[in-house]
Each structure stands twice: as structure tokens, then as C-alpha cells.
Amino acid sequence: MSLPAEFHEIAARVNNWGRWGGDDELGTLNLVTDAVVREAVTAVRTGRRVPLALPLRQDGVQSGLIPGRINPLHTMVQINQEIFGPGTVATSDDTVTMGLQAATHWDALTHVSHSGRLYNGRPAEAITAHEGARFSSIAAVEHLVSRGVLLDVARARGVDRLPGGHAVTPEDLAAAEEFGGVRVRAGDVVLVRTGQLRLALEGDRDAYGYPSPGLSVRCPEWFHGRDVAAVANDTLTFEIFPPEIADLWLPVHALHLVEMGLLQGQNWNLEELSDACAEERRYAFLLTATPEPFAGATGSPVAPVAVL
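In this report, we go over the structure that sits alongside the text.

1. A look at the pattern of salt bridges
- All chains considered together, the criterion is met by 18 salt bridges.
- Across the pair E279 and R48 runs a salt bridge whose closest N-O atoms are separated by 3.0 Å. One end of the pair, E279, is in helix α9 (residues 271-280); the other, R48, is in the loop between α2 (34-41) and β1 (49-51), and 231 residues separate them in sequence.
- A salt bridge links R48 to E280; the nearest nitrogen and oxygen atoms lie 3.4 Å apart. Residue R48 is located in the loop between α2 and β1, and its partner E280 is located in helix α9; the two are separated by 232 residues in the primary sequence.
- Looking at R48, the relative accessible area reads 28%, which means it is partly exposed.
- Three or more residues are tied together by salt bridges with common partners; here these are D152, R155, D160, R193, R198, E271 and D275.

If you want it as C-alpha cells, here you go:
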């Protein structure tokens, strides 16, 4: 079934193909300029550091809802082994098998395609079994430091967690801006809190994944209008799931990653940050969130830190 006319109309309004040249692989991360980073540093006032990543563990947030996306399988391959002979220094070493998007992560621009195309009009066939993504892999993101802005939609609405059927709208984003006394600007990384992760932290992985609040198909135009560099939230699926438009699956993914070239992230733990921002009464901070540089990968774990 082809994508509906409504989707293509939004896509035409937010499309960034060619904006930074035909060879561009970074999309909206081009908006994180040296000037943006210098300004982001001025958001640091107390030096308070808030970690935003989930632990990488075998009983993580993946429940099987997303095929093939397994929680980390951790194995020790050496335990106090004297590899240079008896009486020498002993070492312990380990290995891990996991989905690169199993826990807190960024989606690369090549994570999804639609109509046979990837970001900047490249063919979907540019992703192969042996090489992975031959352009715009997550390894193209060599650094990501910018001003972060928390849009705490749940707290702005006076709840701990949005209900599973709530589609976060541009009106919600604007209300969270007003609640936080902050204005999203060009080059910002926006973190949208729904409170959904509380379910995972309480041990209910199934309820965490489905049904889930998430971004509405109307949000990409809001981010495009503000020239946002990247967006992340505290849900498994990022956008509302099941979708708000019947049989239109992952439209926000397609609009962000394919049309806009907008990096997006999921499974970010925004609970401590929500409390910290409320305590300090400010919702902008320095954010460090560089992904692991897996060559050819369409996503990567990240251990973000907000510095207030």
C-alpha cells in the first residue's frame, strides 16, 4: 500500500534534500555550528551533570516487539587470566552481542527508507548486507555537542506519564516551551519527555513498548520551522504507537530521517533530568551525545550527559 497524500504533502514542506549539498551525509546536524556550541557552553551554570542513558543489560527494555533487536548478551572471555605466564599481571576481558538500538541510542539517517529512497534522494539499495550503510551511517556523526532543551510535556500537563494513546502535538511542544521558560532555536537538540520510560524502570517492558505515547505526524513541521538539529525521547518507538493514522506506520521516522535528515533517538532516560530542570527552574543545558562510530551502522548506542 502506498503512502497517503497527507504524508507526501508534509514531506514536501519539510524536505531538506540538497540544502547542504548533494553529497551531504549529516542533514540537520549541519546546524550545529561553532557559534551554536560556543553559545551552548553558556548554558552551564552549576556544573551539575545528569546521565541520560539506560544501562546496557541482558534484561533491558527490548521485549521482542521489534524483531531482531536483542538486549545485550554479555560474556566473560577472560577472568583473571595470566596471559603472559604464571605470576604476571592477570586480566579480565568480555564481549557483547546486542542490537545497536537496544537501549539508549541514535537512529542514523539510513535507519529507514520510503518509496525506495533514503536521505538526500539516495537509493535504498545503498544499504547492503556486507557493507551496511555506504553513506550516512552513524559513523558520519563524529561529534555531537550542542545546547539541549528539555520539553517536559508530561510535567507541563501535570502528570507523571502521558497515557498510551497520547500523540504529542506541536501544541504540546509549545506548551512545554512556555512551561520551561525556554525557546527552541536553530542547532538545538530537543529532548521530549512523555514519562513512558517510568514503566520500563518499574519492570513492565511490555507496557513500555505498547501502547505508547509519542510524537505526532504533525511534529516534524514544528522541528523544521525551528531548525532543530536532533530530537530524542523516552519511548521505545519514538512516535505514537499504534499510529494515529490507521495503517500509516513510522511516518515520523520517515519524515525526520529521510526527508529532513534529522537525527532522532529513543529510550533516553529523562526522569532525573526532569527533576533537575524543575529544581533549577531552567530547561536548557549543554548536551554531549556523540554516538559510537560503528562503520556502516544504521544506529548506535549513546551515553548522553546533560550539564547544567
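Having seen the model, we can carry on.
2. Side note on the side chain of E177
- Note on placement: E177 falls in helix α4 (residues 170-180).
- Excluding residues that lie within four positions of it along the chain, E177 makes contacts with L151, V182, R183, V184, W222 and R226.

3. Some remarks on the environment of P220
- Structurally, P220 is set in helix α7 (residues 219-226).
- Considered as a pair, P220 and A11 are 209 residues apart in the sequence and their alpha carbons are 9.0 Å apart.
- Filtering out sequence-adjacent residues up to four positions away, P220 remains in contact with V14, V252, L255, H256 and M260.

4. With respect to the pairing of strand β7 (residues 145-152)
- Counting buried positions over the 8 residues of β7 gives 7, a clear majority of the element.
- Where β7 lies against strand β13 (residues 284-288), 5 bridges are found, and the strand directions are antiparallel. When the bridges of β13 are listed, G148 appears paired with F285.
- Sheet topology note: the β7/strand β9 (residues 189-193) ladder contains 5 bridges and is parallel. Bridging from a neighbouring strand, V149 pairs with V190 of β9.

5. Digging into the packing of aromatic side chains
- Going through the model one piece at a time under the given rule, you end up with 5 aromatic pairs.
- A centroid spacing of 5.9 Å and a plane angle of 75 degrees characterise the contact between Y210 and F241, whose relative ring orientation is edge-to-face. Here Y210, found in the loop between α6 (205-209) and β10 (214-215), pairs with F241, found in the loop between β11 (230-233) and α8 (251-260); they are 31 residues apart in sequence, far enough to count as distant.
- Above the ring of F135, the side-chain terminus of R122 is found at 4.1 Å from the ring centroid.

6. Here's the deal with the packing of helix α1 (residues 5-14) against α7
- The geometry of α1 relative to α7 is characterised by a closest axis approach of 10 Å and an angle of 5 degrees between their N-to-C directions. When the axes of α1 and α7 are compared, the pair comes out roughly parallel. Along its contact with α1, which presents I10, R13 and V14, the element α7 presents P220, E221 and H224.
- Of the residues in the contact of α1 with α7, the class split is 3 nonpolar, 1 polar and 2 charged.

Rules used throughout
- Residues numbered from 1 in each chain as written.
- Predicted model: local features only at pLDDT ≥ 70, side-chain atom pairs only at ≥ 80, totals over all residues.
- Heavy atoms only, no water.
- Salt bridge = Lys/Arg side-chain N within 4 Å of Asp/Glu carboxyl O.
- Helix = DSSP H or I, 4+ residues; strand = E, 2+ residues; numbered from the N terminus.
- Buried < 20%, exposed > 50% of the residue type's maximum accessible area, 1.4 Å probe, protein only.
- Contact = heavy atoms within 4.5 Å.
- Pairing = 2+ DSSP bridges.
- Phe/Tyr/Trp six-rings, centres within 6.5 Å; stacked < 30°, edge-to-face > 60°.
- Lys NZ or Arg CZ within 6 Å of the ring centre and 35° of its normal.
- Axes fitted to C-alpha atoms, helices over the stretch in contact; angles between N-to-C directions.
- Parallel < 35°, antiparallel > 145°, perpendicular 65-115°, else oblique.
- Nonpolar A, V, L, I, M, F, W, Y, C, P; charged D, E, K, R; others polar.

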